[in-house]
Amino acid sequence: MSDKPSDLVQGTLDMLILKTLALEPMHGYGIAVRLEQMSGGVFRLNAGSLFVAFQRLQRAGLIKGEWKATENSRRAKYYALTDQGRKRLNSETREWGRQVAAIARILEAS
Amino acid sequence: MSLLRNIAAGLVSLLQKKRVQGDLSEELSDFLERAAEEKMKKGMSRNEALRDVRLERGNFEATKEEVRSAGWESFVETCWQDLRFGTRMLRKSPGFTAVAALTLALGIGANTAIFSVVNAVLLRPLPYANPSQLVFVSEAKPEAGISGLGMSFPSFIELQDDNRVFGAIAGFGGHALVLTGSGDPSEVSTVVVTPGFFSVLAAEPLLGRVFVPEEGKRGSAPVVILSENLWRDRFGADPGIVGRSITLDMRPYTVIGVMPATFHTPFLSQSIQVWIPLAQDPLFSVWMTRPPQEHWMAVIARVRSGISSAQVHAELDAIGARLAGEFPAEKGWAIRTEPLQQTITGDVKLPLLLLLGAVGLVLLIACANIANLLLSRATSRSKEIAVRIALGAGKSRIARQLLTECGILGLLGGLIGMLVAYWGVATLAPLLPSGLPKVHSIRMDGWVLGFAFVLSLATSLVFGLAPVLSAAGSDPHKELGEGARAGESAGPRRARACLAVAEITLAMVLLTGAGLLMRSFAQLTSVNPGFQPKHVVKAMVSLPQFQYSTPKQWAAFSEELMTRLQAQPGMRDSAIAGPLPIVDCCVNLAFQIVGKPTLQPGTPETADYVPASPSYFSVMGIPLLRGRLFNDSDSDTSSPVALISEALAKRYFPNEDPLGKHLTFGFPANGVVSREIVGVVGDIHDVSLGKEPGPMLYVPYAQAPLYGGEVVVRSTLSTSAVVSAIRAVTHGIDKNLPVTDIAALPEVLYKSVAQPRFRTLLLGLFGAIALILAAVGIFGVISYSVSRRTHELGIRMALGAQPGSVMGMVLRETLALTLIGIAIGVPCAIVTARLIARLLFNVSPYDPFTLALVPLALVAVGALASYIPARRAMKVDPVVALRCE
């Protein structure tokens, strides 16, 4: 599979980022690594698409960023889900499940 | 909610750009560090790790750009950048900017000025409530090809009382009464109306009230409504005017109201000073009791809301049929309506749209010129653009930047253009022919300014398109490659040639239109009016009808006036007559030939009717063709006689001698009588120079006098000397008589063609501008092509080409462009000519003279425009040409 995020189904990157943040707040690199691990290395994300997605989700009020000091006295921005983001994740997960099931039924039928 | 957040976040990153950018950098470098640390744990060196991460995750500078441009604020930001950059580029070449902006300013200014006229006259709705409900009602006789005539009073009354489609209906006629008792005696323009007039127009008075139905009946007390202007000028804006009495035609009228100055009636040819009920008018009230034969009364009505025009037609057809059954004279007549707006603007619509179209073409030619200039600039800027593309600017980004530049240019031109238009409207307004309706409402309002703004943007798109497309097509490899010459690729050169061809085509269309109008105007002004206006002065003397109430008094007055006037030095050639040709045409009367059936059974023949004193024909220079003129023995006691015009003789007495035959006709006040034809006189243009002479009937003034008339004097004295003599003599008889409407006949003739003169002048002006612009365009294309081909021309010369043949080559190029332009232009010009055929007088839209002359002029101008570049080409020095670059 290609490593370009544009090959993701439109809008799925946002959902995956929300999913990653469901457990705990995380910084940008952490999100990238977690996504790659969880997908078993199928997705390799380019920084550009990730950070554009962060800006978009922040502006939509689904995640919020917070600066924290790191162990080696630098600053890192940690992203966390907002309540709205959690709701959106739930609804999108349900919707995704429904669509996948529907597509699977169609594919099996033929 | 999230929209607000989005806007807020965008604003923050716009306003606190540094902090937001710093945060993003810090976040990204954190990302980079963490990724690199991971790799270093696997044993890579730090540099290796950093390089690896960049390869995997993309260029971090590009990432910043990507994040930055993802928000809406980046669009605002780049627009701002483009604006600043564009302004800088325009400032860097002030000559180009000035030429382009001024060309545009003239084009947009002229368009805006003409549009302000079109807007006021054609587009703005009539100044009444629900103007779309207003209709003009007229009578037509389809089988005789007659339409647009007024109604007779009895027919009007039936229509008013029986219809179910009109909410209000009113009839009216124009007239003039003499106002005495407040300042000098003077004529006031009057409309006689039926009482519903103001309620049809839903007009409210400034003071007092409007007419009530009882005031429309004969025998009711005389009342009058004044205009605000008359009230201010003659009555000092007296707040107690309502209830006071004023004297019109020596008879007291009680003022019941004042109409505000904002109440205009553009369907009447002049601004009105007083309104009186029809029943109170000394002239028209006579017609109230007559059977329906004269179609004299103009009628307006307001259609009830919810009534369709089909319902109106059905109702009017039914009423028309009933009237035809009731009155024999109404047989064959039908009642028609048209929207009042159309009645008002019908005559001027085509000329105005023609002017708007012409000025639009001028703007298009100006656009083509600017596009040409921009294309030359784009070629010299091709390196700059190539560098920017090579550095990663997207083509759409470049296109946007160039379009922004054009937009700035367009708006700059538009801004100056609005000043030009403002000045243009101020200059144009007094030049407008006085017959143009709604002239007073011409101004620069929001619509006009909006038009100018949209026009500026639209033109910048039009002239920006070619350079933007050519820039977007540029290839950085070619432009920046080794040995790239600053030469043009085929694309832009073809675009420039196309623009030049388009300019010639447009100029051809415009010049053909202008040429045809000029030819037509020359024809119109060289028409022989049938009389000799030179040295003839006219003035109107009106008799108040309540003092001079009988035809006997009128005849006595006119005889006295003539005797005294002719006794004055230099005034021997004086006469008095009814309506004068072209001046105040016409009284069209029905007549019957005694002992001969009418040509069309049931319908009387008609001719224009003029009572004239014996010397009228010598004063006016109308020749006697057969028989005799009137003389002093033709009085009201002698047998009734008449003179006819040649046209009447030819049409109704084709193979016989009209002398001695009898005609029956008459003007109401004098009754219908049988008159013997004693002579035939030459034809005159009674209605206008543009209308063929129709049949005329002349009767001796003494046998059919009027309450006053037009005094005409042929004299070598100055106009003012003649007028003061007329005034002195008139006031010597009665000091209360107004002498008005003074004019020299040549001046009247000159004014009668004001509208065609105006449009011919403007179109000629536009044509000249188009020709100059097209010449500049050709000059630009050819001189550019010569300068780009210096190298090639040098080689040709080095190989032995003669200077003459080089010059011929350049001229051939011009000729080719011009001929293609003309070839496309001819059919376009013919289509245009057919559209304006209605405005042409005695000139065919396919006038071979114009259609041959315009292309010749264009070829000549093209040759002239390319002469300078061609000479430069001829003088190319092969050594210099080959050494450069």
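From a predicted model like this one, the values you see are computed outputs, not experimental measurements.

Rules used throughout
Residues numbered from 1 in each chain as written. Chains lettered and ligands numbered in written order. Predicted model: local features only at pLDDT ≥ 70, side-chain atom pairs only at ≥ 80, totals over all residues. Helix = DSSP H or I, 4+ residues; strand = E, 2+ residues; numbered from the N terminus. Buried ≥ 20, exposed ≤ 12 C-beta atoms within 10 Å, placed from the backbone. Contact = placed C-beta atoms within 7 Å. Expected span 1.5 Å × (residues − 1). Arc of directions from axis to C-beta. Nonpolar A, V, L, I, M, F, W, Y, C, P; charged D, E, K, R; others polar. Pairing = 2+ DSSP bridges. pLDDT = per-residue confidence, 0-100. Core = buried A, V, L, I, M, F, W, Y, C linked by C-beta atoms within 7 Å.

Draft legend 1. Local environment of the overall build of chain A. Per the secondary structure count, chain A includes four helices and three strands. For chain A, the succession of helices and strands along the chain, N to C, is α-β-α-α-β-β-α. A total of 110 residues make up chain A; the buried ones form 27% of that total. Long-range contacts, defined as pairs at least 24 residues apart, comprise 49% of the intrachain contacts of chain A with a sequence gap of at least 6.

Draft legend 2. Representation of helix α17 (residues 551-567) of chain B in the model. Residue and element names in this part refer to chain B. Counted at 1.5 Å a residue, the expected span for α17 with its 17 residues is 24 Å, and the 24 Å between its end C-alpha atoms agrees. Within α17, burial applies to Trp554, Phe557, Ser558, Leu561, Met562 and Leu565. Buried residues of α17 fall within an arc of 130 degrees about the axis and therefore sit on the same side. Relative to its buried face, α17 has exposed residues pointing more than 90 degrees away, namely Lys552, Thr563 and Ala567. Of the surrounding secondary structure, the elements contacted by the buried residues of α17 are β12 (536-542), β13 (573-577), β21 (708-714) and α20 (719-733).

Draft legend 3. Quick look at the interface of chain A and chain B. Contacts between the two partners involve 18 residues from chain A, matched on the other side by 21 residues from chain B. Those elements that provide at least two residues to the side of chain A that touches chain B are α2 (28-38), α3 (47-59) and β3 (75-81) of chain A. At seven residues, the largest contribution of residues to the side of chain A that touches chain B is made by α3(A). The class makeup of the residues in the side of chain A that touches chain B is six nonpolar, six polar and six charged.

Draft legend 4. Just the sheet that holds β3(A), in detail. All names here are of chain A. Spatially, three strands are ordered β1-β3-β2 in an open sheet, and the strand pairing comes out antiparallel. Of all the strands in the sheet, just β1 (26-27) and β2 (63-69) have a single pairing partner and so form its edges. In this sheet, β3 lies alongside β1 in antiparallel orientation, the contact comprising two bridges. Residue pairing in the sheet places histidine 27 in a bridge with tyrosine 78 of β3.

Draft legend 5. Spotlight on unusual backbone geometry. All names here are of chain B. One non-glycine residue, alanine 237, lies in the positive phi region at around 55 degrees. For alanine 237, a count of 12 C-beta atoms within 10 Å translates into the label exposed. One non-glycine residue, histidine 535, adopts positive backbone phi at about 65 degrees. Looking at the element boundaries, histidine 535 is found in the loop between α16 (490-525) and β12. With 18 C-beta atoms counted inside 10 Å, the residue histidine 535 sits in the partly exposed group.

Draft legend 6. Up close: the confidence of the model for chain B. Residue and element names in this part refer to chain B. Of all residues in chain B, 95% attain a pLDDT of 70 or more, and the chain-wide mean is 85. Looking across chain B, the model is least confident in helix α15 (residues 476-480), with a mean pLDDT of 65, and most confident in strand β17 (residues 641-645), with 95. Here the prediction assigns the complex a pTM of 0.75, and the interface score ipTM is 0.84.

Draft legend 7. Representation of the nonpolar core. Residues and elements named next belong to chain B. With 105 residues, the main nonpolar core has Val362, Ile365, Ala507, Leu510, Phe766, Ala770 and Ala774 as its most contacted residues. The element best represented in this core is helix α11 (residues 340-380), accounting for 18 residues. In this structure alanine 770 touches Leu361, Val362, Ile365, Leu506, Ala507, Leu510 and Leu511, once residues within four positions along its chain are discounted. Judged by nonpolar contacts, the second largest core, of 65 residues, contains Met540, Leu543, Val711 and Leu745.

Draft legend 8. Spotlight on the pairing of β3(A). Residues and elements named next belong to chain A. Where β2 and β3 come together, seven bridges link them in antiparallel fashion. Within β3, the residue paired with glutamate 66 across the bridge is tyrosine 78. Where β2 folds back onto β3 in an antiparallel hairpin, the turn is made up of five residues, including serine 73, whose phi is positive at roughly 50 degrees.

Draft legend 9. Molecular detail of the pairing of strand β3 (residues 166-180) of chain B. Strand direction decides the pairing type here: β3(B) and strand β10 (residues 298-303) of chain B, joined by six bridges, are antiparallel. Paired with B:Ala170 across the bridge in β10(B) is B:Ile300.

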